[in-house]
Amino acid sequence: PHSIRRLPDEAKGFNCFAHAFGLIESDAYRAIQDRDAISQSNVFFAGSKFSQFVIKNGTLVAVPEECSGPGEIVMYLDDKGGPKHAGKIASGRFGCWRIQSKWGGGLFLEHGLWEVPENYGSQTKFYRALPGDMAENAFLQFVMTQEGSAEFIMRSGLGDLFKA
């Protein structure tokens, strides 16, 4: 038995990290993701590397699980602490969280904290939710750190997104 339930797919075409960080609402993120898909570089998207970037630079602030609440981010980590999956706390309380997350490129689900596939990680860490503009700015900074970003930005006509 499980308590997993399917939700309307409000985040169609996005992965778990884009959903958890609220980037599905960002026009800049959508523009970059669309151009990245066309170029087939598959580098400029919110994934594990982006998650590591925002953790390392302090954009994501860790909080103890017992101090977390709805809207906060839960990160599922592998044995070495690398991000594998992310979701948002939808409801519940310490020890009985309900999480909303994207599974693969398709399903949008609500589930218990540990009602995830084994390959999504063996440990969790909780983080404060990021306001949309903060998540978008962090993503733009991340893109600039990736190899080939200057050429990608120029070729894709996205230079205006990166002007300060």
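So, here's what we can say about the structure. (Residues numbered from 1 in each chain as written. Predicted model: local features only at pLDDT ≥ 70, side-chain atom pairs only at ≥ 80, totals over all residues. Heavy atoms only, no water.)

On to the nonpolar core. Residues Phe21, Leu23, Ile32, Phe50, Leu60, Met75 and Phe139 are the most contacted members of the largest nonpolar core, which totals 32 residues. Of all the secondary-structure elements, those providing two or more residues to this core are helix 1 (16-20), helix 2 (27-39), helix 3 (48-56), strand 3 (73-77), helix 4 (132-145) and helix 5 (149-156). For this core, the leading source of residues is helix 4, giving six residues. Grouped together as the second largest cluster of nonpolar side chains are 12 residues, Ile89, Trp97, Leu113 and Tyr120 included. (Core = buried A, V, L, I, M, F, W, Y, C linked by side-chain atoms within 4.5 Å. Buried < 20%, exposed > 50% of the residue type's maximum accessible area, 1.4 Å probe, protein only. Helix = DSSP H or I, 4+ residues; strand = E, 2+ residues; numbered from the N terminus.)

Strand pairing in a sheet relies on backbone hydrogen bonds, with the paired strands running either antiparallel or parallel. Taken in spatial order, the seven strands make up an open sheet running 1-6-5-4-3-7-2, and their pairing is antiparallel. Of all strands in the sheet, those with a lone pairing partner are strand 1 (5-6) and strand 2 (62-63), marking the two edges. In this fold helix 3 packs onto strand 3, strand 4 (83-91) and strand 7 (123-127), with an angle of close to 75 degrees to the strand it touches most, strand 4. (Pairing = 2+ DSSP bridges. Contact = heavy atoms within 4.5 Å. Axes fitted to C-alpha atoms, helices over the stretch in contact; angles between N-to-C directions.)

On to the pattern of salt bridges, then. Here the structure, examined in full by the defined rule, presents five salt bridges. Its salt-bridge partner being Arg98, residue Glu115 comes within 3.8 Å of it at the nearest N-O pair. In this pair, Glu115 is assigned in the loop between strand 6 (107-112) and strand 7 and Arg98 in strand 5 (residues 98-103), connecting sequence segments 17 residues apart. Of the residues examined, Arg98 reaches a relative accessible area of 16% and is grouped as buried. In this structure, Arg155 engages Glu151 in a salt bridge whose closest nitrogen and oxygen atoms are separated by 2.9 Å. (Salt bridge = Lys/Arg side-chain N within 4 Å of Asp/Glu carboxyl O.)

With that settled, consider helix 4. Since the α-helix advances by 3.6 residues per turn, residues separated by three or four positions end up pointing in the same direction. Look at helix 4: 20 Å from first C-alpha to last across 14 residues, which is about the 20 Å you get at 1.5 Å a residue. Three or more residues of helix 4 are buried, namely Ala135, Ala138, Phe139, Leu140, Phe142 and Val143. (Expected span 1.5 Å × (residues − 1).)

So, about the packing of helix 3 against helix 4. Interhelical geometry of helix 3 versus helix 4 gives an angle of 110 degrees and a closest axis separation of 10 Å. Classed by the angle they form, the pair helix 3 and helix 4 counts as roughly perpendicular. Contact residues: helix 3 offers Lys49, Phe50, Phe53 and Val54, while helix 4 offers Ala135, Ala138, Phe139, Gln141, Phe142 and Thr145. Of the residues in the contact of helix 3 with helix 4, the class split is seven nonpolar, two polar and one charged. (Parallel < 35°, antiparallel > 145°, perpendicular 65-115°, else oblique. Nonpolar A, V, L, I, M, F, W, Y, C, P; charged D, E, K, R; others polar.)

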